[in-house]
Amino acid sequence: INHSHWVEYPGFRIKKCKTFTVRYASVGLGTGVTLSANGKKIATTEIKSTGDWNKWDEVSVPLTDLPDGLIDLRLTFTNPGKQHLVNLDWFRFEE
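Here's what I pulled together on the structure shown here. Residue numbers restart at each chain and count upward from 1, following the sequence in its written direction. Two thresholds apply to this predicted model, a pLDDT of at least 70 for residue-level local features and 80 or more for giving and counting side-chain atom pairs, whereas whole-chain, interface and lining totals are computed over all residues. Side-chain metrics in this entry use all non-hydrogen atoms of the structure; hydrogen atoms and water are not considered.

Moving on to the pattern of salt bridges. We define a salt bridge as a contact between a side-chain nitrogen of Lys or Arg and a carboxyl oxygen of Asp or Glu at a distance within 4 Å. In this structure the tally under the stated criterion is five salt bridges. In this structure, glutamate 8 engages arginine 74 in a salt bridge whose closest nitrogen and oxygen atoms are separated by 3.0 Å. A residue pair is termed long-range when its members are at least 10 positions apart, and glutamate 8 in strand E1 (residues 6–12) and arginine 74 in strand E6 (residues 71–78) qualify at 66 residues. Relative accessible area serves as the criterion here: at 38%, glutamate 8 is assigned to the partly exposed category. Helix and strand assignments follow DSSP, with helices taken as H or I runs no shorter than four residues and strands as E runs no shorter than two, numbered in order from the N terminus. Burial classification: accessible surface area is computed with a 1.4 Å probe over protein chains only, and a residue below 20% of its type maximum counts as buried, one above 50% as exposed, and the rest as partly exposed.

The following block contains the structure:
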């Protein structure tokens with residue numbers, strides 16, 4: 001994943017969720033991650049280097065004031081001018 005790359009997933013219901021967690025690995029400088037629902041920013045977090053592309057770690061972010069109904073979920077990765085920022089293994093929402 002490089003700077004300004006994003007992934008989008010349609011059809012999520014997240015209104016009751018309290019936490020977003022992502023599992024990742026990174027040798028690079030890490031990345032910022034912005035989580036958006038229907039184009040509105042709902043959370044941000046920083047992913048730090050784990051020191052190896054196969055050394056996995058997790059980071060969790062609290063969620064508040066989430067939209068009702070089905071949303072299009074987008075994760076946007078930022079670290080200007082940088083490439084090979086992170087390997088994303090999975091993410092989950094928890095109530």
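Structure shown, so let's carry the discussion forward.
All right, on to the pairing of E6 then. Two strands qualify as a pair provided DSSP detects at least 2 bridges between them. Two strands pair when backbone bridges link them, and E1 and E6 are joined in this way by five bridges, in the antiparallel orientation. When the bridges of E6 are listed, phenylalanine 12 appears paired with isoleucine 71. Across six bridges, strand E3 (residues 31–37) lies against E6 in antiparallel orientation. The residue bridging serine 36 from the neighbouring strand is arginine 74, located in E6.

To pair, rings of Phe, Tyr and Trp, with the six-membered ring standing in for Trp, must have centres within 6.5 Å; the planes then decide the type, stacked if under 30 degrees apart, edge-to-face if over 60, and tilted in the middle. Applying the stated criterion to the full structure yields seven aromatic pairs. Summarising the aromatic geometry, the rings of phenylalanine 91 and phenylalanine 93 are spaced 6.2 Å apart at their centres and angled 90° between planes, so their arrangement reads as edge-to-face. The buried category is assigned to phenylalanine 93, whose relative accessible area is 17%. One aromatic cluster in this structure is built from Tyr9, Phe12, Phe20, Phe91 and Phe93. Here, a charge over a ring is recorded when the distance from Lys NZ or Arg CZ to the ring centre is within 6 Å and its angle to the ring normal is within 35 degrees. The ring of tryptophan 6 has arginine 74 sitting right over it, with the charged end atom 3.5 Å from the ring centre.

So, about the sheet that holds strand E4 (residues 40–47). If you walk across this open sheet you meet the four strands as E1-E6-E3-E4, and the pairing is antiparallel. Only two strands of the sheet have a single partner each, and these edge strands are E1 and E4. Across this sheet, the average inter-strand angle for adjacent strands is 15°, counted without regard to direction. Only the contacting stretch of a helix is used when fitting its axis, a line to C-alpha atoms as for every element, and angles between N-to-C directions run 0 to 180 degrees.

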